[in-house]
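What follows is each chain in one-letter form.
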Amino acid sequence: MSPTATFAPSCSSVSVDSRTDEVLPVLGRDVQVPLVTGGEAPYAALDYAASAPALQRVWDDVAAYAPYYGSVHRGAGHLSQLSTELFENSRRTVAEFLGCREGDQVVFTRATTDSLNLLAAALPEGTRVFVFETEHHASLLPWRAHDVTYLDAPRSPEAAVATLESALHAAPAGPKLVCVTGASNVTGEVWPVRALARAAHRHGARLVLDAAQLAPHRRVSLTELEADWVAFSGHKLYAPFGAGVLAGRADWLRAAEPYLAGGGASRRVSRTDDGTVEVEWQRSEARHEAGSPNVIGAYAIASACRALTEAGFDRLAAREEELLGRLRKGLADLPEVKVLSLFGADADRVGVVSFVVEGWNSSHFAAALSAEYGIGVRDGLFCAHPLLRTLLGQRGDTPGECGAAGGTPALNAIRVSFGAGTPDEHVDRFVTAVRELVRDGARWTYRTEDGRCVPDSA
């Protein structure tokens, strides 16, 4: 009998009234938070781009497995065998979710940042890297030990392809890598990944896709997008258990020194005649998964992949488009609100919108949304400082004091983001709250504390 016959993942169907509620139920739907003005409100989680809440389905699957948890690739006992099979089955589930090709590897990491640093450590000597200034720091910074060409922010998908073509054409011979986001964590705009991959391949370069923001919203297929690698994080894919993925071509990964040296990455270790240690490294994914693998994190990602696939990305995207339309219409009715965009109003987007409000410090505005309305959003520069400086223009280099108005506008913005678990009411309440704050101002006083705006005590 197969070890996994002891328990099975959840088979609960995805059947929710999409007219009034979320497509995939998430944890935290009933959490009540206190308001400074008195009473409580249901918490409206609108910060999915930072970390999405866990799917109920994922939580149930992890809870069902937890009593059977055991060491992976280490033991002869029943629970170790079960956990090993579950871990490797999770790898196969993720590979299918990502449309991996024959020979591709799926390496479990800690998050997108870890995945891209792993790939950076595996690049052949002399690799030249091309990256747009619009990237999240996780995909902007890992390449600094290599020869990096930073590309200016394009103002259209077509300009992005042309900019990359020009830079690659001028580059000398040798290994080349292009790193690009699938969807911006600031504007939500979807990038022309397949066109960029084809441009890269025409010039002998490879492409890695940062899908941290794309994978929770749209189908991501290495085969269809023609990318060489893809990286994403579990905590943005409704599986917040400390795992991520790097998937794609195996050759550079097999040729590189292990990302971490240790147990699991090594196939054979022996002492040599001169007293040193000789190591034969693994050639499978284990080469870059040293230590005890995060089996719960990997299983949680696989559970989320199954849930999203069963719900159907067409259905998810259609409902998200409906919520996005309501949100953008509500903001467009307020002339004081400026929505940030690279590609313009008609660009393809996922459920991520950033904006600034005339006369408001963004930290102050976000604090008021939380304290007075029970709405959680993000404010700041979203780990994409060069992009925000481009989008915000001639603003100051500091966030500014809480409540500051007039003078040079502060360098920060507000980001609202949502996904499969967002009820209609959360978006509607957000639009109403923005309208009331713009029209009437905050009902409470706030102060700056450790660089953040917080409500004054009563």
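Located above this text is the structure these notes cover.
About the thresholds
Residues numbered from 1 in each chain as written. Predicted model: local features only at pLDDT ≥ 70, side-chain atom pairs only at ≥ 80, totals over all residues. Heavy atoms only, no water. Helix = DSSP H or I, 4+ residues; strand = E, 2+ residues; numbered from the N terminus. Rg over C-alpha atoms; globule rule 2.2 N^0.38 Å. Buried < 20%, exposed > 50% of the residue type's maximum accessible area, 1.4 Å probe, protein only. Contact = heavy atoms within 4.5 Å. Areas by Shrake-Rupley, 256 points an atom, 1.4 Å probe, with all protein chains shown as cover. Arc of directions from axis to C-beta. Phe/Tyr/Trp six-rings, centres within 6.5 Å; stacked < 30°, edge-to-face > 60°. Pairing = 2+ DSSP bridges. Salt bridge = Lys/Arg side-chain N within 4 Å of Asp/Glu carboxyl O. 1 Å grid on protein atoms, 1.4 Å probe; cavity = no way out; pocket = protein on both sides within 12 Å on 5 of 7 lines; lining within 4 Å. Points joined across faces, edges and corners; volume = space filled by probe spheres on them. Nonpolar A, V, L, I, M, F, W, Y, C, P; charged D, E, K, R; others polar.

### Points about the overall build of the protein
Counting its regular elements, the protein contains 13 helices and 19 strands. Against the globule reference of 23 Å for 458 residues, the protein gives a C-alpha radius of gyration of 23 Å, in line with a compact fold. Considering the protein as a whole, with its 458 residues, one finds that 54% of them fall into the buried category. Long-range pairs, those at least 24 residues apart, make up 72% of the contacts in the protein with a sequence separation of at least 6. Summing over all exposed atoms, the protein offers an accessible surface of approximately 19200 Å²; the carbon and sulfur share of this is 50%.

### A look at helix α12 (residues 385-392)
Looking only at α12, the buried set comprises L387, L388, L391 and L392. Taken down its axis, α12 places every buried residue within 120 degrees of arc, on the same side. Turning to α12, the residues buried within the fold contact β13 (337-339), β14 (352-357) and β17 (413-417). Downstream of α12 by a residue or two, G393 has a phi angle that is positive, lying close to 70 degrees.

### Quick word on the environment of V377
As for its placement among the helices and strands, V377 is situated in the loop between β15 (375-376) and β16 (378-380). The spacing of V377 and E133 is 244 residues in sequence and 24 Å in space, taken between C-alpha atoms. Those residues within four positions of V377 in sequence are excluded, and the remaining contacts are L46, D47, A366, L369, I414, R415, V416 and F430.

### Here's the deal with the packing of aromatic side chains
Taken as a whole and judged by the stated rule, the model has 12 aromatic pairs. Seen from their ring centres, Y65 and Y299 are 5.8 Å apart, and the 70 degrees between their planes marks the pair as edge-to-face. Taken together, the positions of Y65 in helix α1 (residues 56-65) and Y299 in helix α9 (residues 295-311) put the pair 234 residues apart, joining distant regions of the chain. Across the pair, exposure class does not vary: Y65 and Y299 are buried alike.

### Comments concerning the pairing of β17
Burial within β17 is extensive, with five of its five residues counted as buried. The two faces of β17 match: A413, R415 and S417 on one face and I414 and V416 on the other face are all buried. When β14 meets β17, the two strands line up antiparallel, connected through four bridges. Looking at the pairing, V353 lines up with V416 of β17.

### Let's talk about the pattern of salt bridges
Here the structure, examined in full by the defined rule, presents 32 salt bridges. A salt bridge links D440 to R439, with the nearest nitrogen and oxygen atoms 3.0 Å apart. Exposure remark for D440: the relative accessible area of 53% places this residue in the exposed category. When salt bridges that share partners are traced, they join R319, E322, R326, D424 and D428 into one network.

### Structural notes on the environment of H146
With respect to the secondary-structure elements, H146 resides in the loop between α4 (137-140) and β6 (147-151). The exposure class assigned to H146 is partly exposed, which follows from its relative accessible area of 21%. Measuring from C-alpha to C-alpha, the distance between H146 and A199 comes to 21 Å, with 53 residues separating the pair along the chain. Not counting the four nearest positions on each side in its chain, H146 is found in contact with A120, L123, T127 and V129.

### Topic: the layout of surface pockets
Empty space within the largest pocket amounts to approximately 330 Å³. Around the largest pocket, the lining comprises 25 residues; the ones closest to its centre are A49, H136, N185, K236 and C383. When the residues that make up the lining of the largest pocket are grouped by side-chain class, the tally is nine nonpolar, 11 polar and five charged.

### Section: unusual backbone geometry
Phi is positive for C383, which is not a glycine, with a value near 55 degrees. Looking at the secondary structure, you find C383 in the loop between β16 and α12. A positive phi angle is found at D450, which is not glycine, with a value near 55 degrees. Relative to the helices and strands, D450 resides in the loop between β18 (446-449) and β19 (452-455).

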